[in-house]
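What follows is each chain in one-letter form.
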Amino acid sequence: AQRYIDPIKSDHVRLIFELYCNQQLSFGRIARYLRDRGICSSQGNTNWHKNSIREVLANPAYYGEAMFGKTRISERKSTKRPYRGSPEFPHNAKIQVPTLPSEQIKILVPAIIDRSMFETARIQMDENRKRYRQDKAKGKYLLSGLTMCGQCGAAYCSRIARGTQTASATRAPTLR
């Protein structure tokens, strides 16, 4: 098998790396940038999704290393009962499961970007992931995680009261 570089799509990949690494735009801003300029995704869709941007930035094939054997076919594990919304007997007896990196074969392909740009994007994504988790760990309210029920010991949680409020009314947190 041989791989060829599509000159138009490779320009789009370079643009995505440029916007993320050098201009430090978020996935959402890159998606809007591409959509506003009418740039189509690999499926021909002009509406880009943030996950599509992340997948481009995380794909090592763009710096010249594709992996063969990322998944394998395996027997479906039996469960005691089907998941909600799933049929009692699955349609396929076998499923695809990811393989370990040691089981995959590295294939050299034509590079679109250099490895240093890929590593820059990877480091930036790791930092953004850590920062996002830190922001999510912080409480939204002052007493989040500090107050507990005296009878059962469950933690109180805050939530926005959604009732019959007018548009000008402010939302007040209520303890539950």
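Residues numbered from 1 in each chain as written. Predicted model: local features only at pLDDT ≥ 70, side-chain atom pairs only at ≥ 80, totals over all residues. Heavy atoms only, no water.

Colleague: Break down the overall build of the chain for me, citing the residues and quoting the values.
Modeller: A count of helices and strands for the chain gives four helices and six strands. Looking at the 176 residues of the chain, the share that counts as buried comes to 20%. Considering only residue pairs separated by 6 or more positions, the chain has 59% of its internal contacts joining residues 24 or more positions apart. Counting every atom, the chain has about 14,200 Å² of accessible surface; 52% of that belongs to carbon and sulfur. (Helix = DSSP H or I, 4+ residues; strand = E, 2+ residues; numbered from the N terminus. Buried < 20%, exposed > 50% of the residue type's maximum accessible area, 1.4 Å probe, protein only. Contact = heavy atoms within 4.5 Å. Areas by Shrake-Rupley, 256 points an atom, 1.4 Å probe, with all protein chains shown as cover.)

Colleague: Tell me about unusual backbone geometry, and please be specific about residues and values.
Modeller: One non-glycine residue, Gln-24, lies in the positive phi region at around 55°. Tracing the sequence through the fold places Gln-24 in the loop between α1 (7–22) and α2 (27–36).

Colleague: Now, about the confidence of the model for the chain: what can you tell me, with residues and values included?
Modeller: On average, residues of the chain score 83 in pLDDT, and 84% of them reach the 70 mark or higher. In the model of the chain, strand β6 (residues 173–175) stands out as the element of lowest mean pLDDT, 51, in contrast to α2, which has the highest, 95. Throughout residues 165–173 the model reports pLDDT below 50, and contacts reaching past four residues in sequence, or to other chains, amount to eight contacts. (pLDDT = per-residue confidence, 0-100.)

Colleague: For α1, give the residues involved together with the corresponding values.
Modeller: Over its 16 residues, α1 extends 21 Å from the first C-alpha to the last, a length consistent with the 22 Å expected when each residue adds 1.5 Å. For α1, every residue scored as buried is listed here: Ser-10, His-12, Val-13, Ile-16, Phe-17, Leu-19, Tyr-20 and Cys-21. Of the residues trailing α1, Gln-24 is marked for its positive phi of about 55°. (Expected span 1.5 Å × (residues − 1).)

Colleague: I'd like a rundown of the packing of aromatic side chains, residues and numbers included.
Modeller: Taken as a whole, this structure holds two aromatic pairs when the rule is applied. The lysine or arginine in question, Arg-37, covers the ring of Tyr-33, its NZ or CZ lying 3.6 Å from the ring centre. (Phe/Tyr/Trp six-rings, centres within 6.5 Å; stacked < 30°, edge-to-face > 60°. Lys NZ or Arg CZ within 6 Å of the ring centre and 35° of its normal.)

Colleague: Give me the lowdown on the pattern of salt bridges, citing residues and values where you can.
Modeller: Counted under the stated rule, the structure contains nine salt bridges. Across the pair Glu-119 and Arg-115 runs a salt bridge whose closest N-O atoms are separated by 4.0 Å. Here the residue Glu-119 and the residue Arg-115 both occupy positions in helix α4 (residues 115–137), the gap between them amounting to four residues, near one helical turn. Exposure remark for Glu-119: the relative accessible area of 22% places this residue in the partly exposed category. On the basis of relative accessibility, which here comes to 41%, the residue Arg-115 falls in the partly exposed class. Among the salt bridges present, the one from Arg-122 reaches Glu-119, with a minimum N-O distance of 2.8 Å. Residue Arg-122 and its partner Glu-119 are located together in helix α4, separated by three residues, close to a single helical turn. Here Arg-122 falls in the partly exposed class, since its relative accessible area comes to 35%. (Salt bridge = Lys/Arg side-chain N within 4 Å of Asp/Glu carboxyl O.)

Colleague: Got a sec to walk through the environment of Glu-75? Specific residues and values, please.
Modeller: Take Glu-75: it is sitting in strand β2 (residues 71–75). Distance in space between the C-alpha atoms of Glu-75 and Ala-93 is 6.2 Å, their sequence separation being 18 residues. If sequence neighbours within four positions are ignored, Glu-75 has contacts with Ala-93 and Lys-94.

Colleague: Help me get a handle on the side chain of Ser-10, residues and values and all.
Modeller: For Ser-10, the location among the structural elements is in helix α1. Among the residues examined, Ser-10 registers a relative accessible area of 3% and is labelled buried. Other than its neighbours up to four places away in sequence, Ser-10 contacts Ile-5 and Ile-112.

Colleague: Could you give an account of the nonpolar core, with specific residues and numbers?
Modeller: One broad rule of soluble globular proteins: the nonpolar side chains tend to lie buried together. Among the nonpolar cores identified, the biggest contains 22 residues, and Ile-16, Phe-17, Ile-30, Ile-53 and Leu-57 are the most heavily contacted of them. Of all the elements in the fold, those that place two or more residues in this core are α1, α2, α3 (50–58) and α4. If you tally residues by element for this core, the top one is α1, at six residues. Excluding residues within four positions of it along the chain, Leu-57 makes contact with Ile-16, Phe-17, Tyr-20, Phe-27, Phe-118, Ala-121 and Met-125. (Core = buried A, V, L, I, M, F, W, Y, C linked by side-chain atoms within 4.5 Å.)

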